[in-house]
Amino acid sequence: AQSVTQPDIHITVSEGASLELRCNYSYGATPYLFWYVQSPGQGLQLLLKYFSGDTLVQGIKGFEAEFKRSQSSFNLRKPSVHWSDAAEYFCAVGLYNQGGKLIFGQGTELSVKP
Amino acid sequence: SAVISQKPSRDICQRGTSLTIQCQVDSQVTMMFWYRQQPGQSLTLIATANQGSEATYESGFVIDKFPISRPNLTFSTLTVSNMSPEDSSIYLCSVAVGTNTEAFFGQGTRLTVV
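A brief report on the enclosed structure follows. (Residues numbered from 1 in each chain as written. Chains lettered and ligands numbered in written order. Predicted model: local features only at pLDDT ≥ 70, side-chain atom pairs only at ≥ 80, totals over all residues. Heavy atoms only, no water.)

Overview of the pairing of strand S9 (residues 89-96) of chain B
All names here are of chain B. Counting buried positions along S9 gives eight out of eight residues, so the element sits mostly inside the fold. Residues Ser89, Tyr91, Cys93 and Val95 line one face of S9 and the alternating positions Ile90, Leu92, Ser94 and Ala96 line the opposite face, and both faces are buried. Relative to strand S11 (residues 109-113), S9 runs antiparallel, the two being bridged by three bridges. Counterpart to Ser89 in the pairing with S11 is Leu111. (Buried < 20%, exposed > 50% of the residue type's maximum accessible area, 1.4 Å probe, protein only. Helix = DSSP H or I, 4+ residues; strand = E, 2+ residues; numbered from the N terminus. Pairing = 2+ DSSP bridges.)

Given below as structure tokens:
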């Protein structure tokens, strides 16, 4: 069965420090992978996506993620965190040929210290 | 891309009553999805709403509790029936424009059952 695991429920980083959020997936076919961000009281915003090609993908707000097939991972990174990045981050896998149906990880809550 | 409008944005309801949530998309889409996000939890897919056929429900969700309508390619409703406090959640509508593409989300409906 398809699944997504985000091992870290809550991470706290200092403003200006680098960030890496972990995501591992289980899926039998070529995965479509996404990172979404949800700010308090807000809907979901797409940060970046991987469908094929270059395994390092760039997203909005200075985020990037790297797809590693051998590790079944799609970790999210940012070189310098801003206080406005505090939010909940969700990794998701899209099911092939199911038109946008997503399986989400548990989410990682990011706190940013001044 | 797609712009999704959900109504209502939030509601407080009495147990035993029902609430219908509306989802309007600014373009025609084949499949629409309804997710539930319980407090502090990730998103779980309730069902896929297909135009012209009955909705497809995920394990643990049934039509009697969550009836869905899909009268055309831009609109869907989800009803939460005979509500209990356990139904207090954020309900989100989602669409994908085309196959094997990213999903777009509405702002969600925050439901509190008292």
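After presenting the structure, the write-up continues.
Structural notes on the sheet that holds strand S7 (residues 68-72) of chain B
All names here are of chain B. Pairing in this open sheet of four strands is antiparallel, and the strands run S1-S3-S8-S7 from one edge to the other. Unpaired on one side and paired on the other, strand S1 (4-7) and S7 mark the two borders of the sheet. With strand direction ignored, the average angle separating the axes of adjacent strands in the sheet is 15°. Alignment of strand S3 (residues 19-25) against strand S8 (residues 75-80), held across six bridges, turns out to be antiparallel. Pairing of Cys23 across the sheet is with Ser76, part of S8. (Axes fitted to C-alpha atoms, helices over the stretch in contact; angles between N-to-C directions.)

As for the interface of chain B and chain A
Interface size is commonly expressed as the accessible surface area that is lost when the partners come together. Counting residues at the interface gives 20 residues for chain B and 23 residues for chain A. Of the roughly 1700 Å² buried where chain B meets chain A, counting both sides, 53% is carbon and sulfur surface. Seen at the junction of chain B and chain A, the total is one salt bridge. The salt bridge involving Glu58 of chain B is made with Lys101 of chain A; its shortest N-O contact spans 3.1 Å. Summed over the shared surface of chain B and chain A, the number is five residue pairs in polar contact (both at pLDDT 80 or more). Elements represented by at least two residues in the side of chain B that touches chain A include exactly strand S4 (31-37), strand S5 (43-50) and strand S10 (103-105) of chain B. (Contact = heavy atoms within 4.5 Å. Buried area = accessible area lost by both parts, 1.4 Å probe. Salt bridge = Lys/Arg side-chain N within 4 Å of Asp/Glu carboxyl O. Polar contact = N/O pair within 3.5 Å; in protein donor to acceptor, adjacent residues only side chain to side chain.)

Side note on the pairing of S1 of chain B
Each regular strand carries side chains that alternate between the two faces of the sheet. Residues and elements named next belong to chain B. The side-chain alternation of S1 yields one buried face, formed by Ile4 and Gln6, and one unburied face, formed by Ser5 and Lys7. Judged from the four bridges that link them, S1 and S3 form a sheet pairing that is antiparallel. Bridging from a neighbouring strand, Gln6 pairs with Cys23 of S3.

Some thoughts on the environment of Leu102 of chain A
Position of Leu102 of chain A among the secondary structure elements: in strand S11 (residues 102-104). On the basis of relative accessibility, which here comes to 2%, the residue Leu102 of chain A falls in the buried class. For the pair Leu102 of chain A and Ser3 of chain A, spaced 99 residues apart in sequence, the C-alpha to C-alpha distance is 10.0 Å. Setting aside residues up to four positions removed in sequence, Leu102 of chain A forms contacts with Phe34, Tyr36, Ala92, Val93 and Gly94 of chain A together with Tyr35, Ala103 and Phe105 of chain B.

A short note on the side chain of Lys101 of chain A
Mapped onto the secondary structure, Lys101 of chain A falls in the loop between strand S10 (87-94) and S11. For Lys101 of chain A, the side chain forms a polar contact with the side chain of Glu58 of chain B, separated by 3.1 Å. Apart from residues lying up to four places away in sequence, Lys101 of chain A is in contact with Val93, Gly94 and Leu95 of chain A together with Phe33, Tyr35, Leu45 and Glu58 of chain B.

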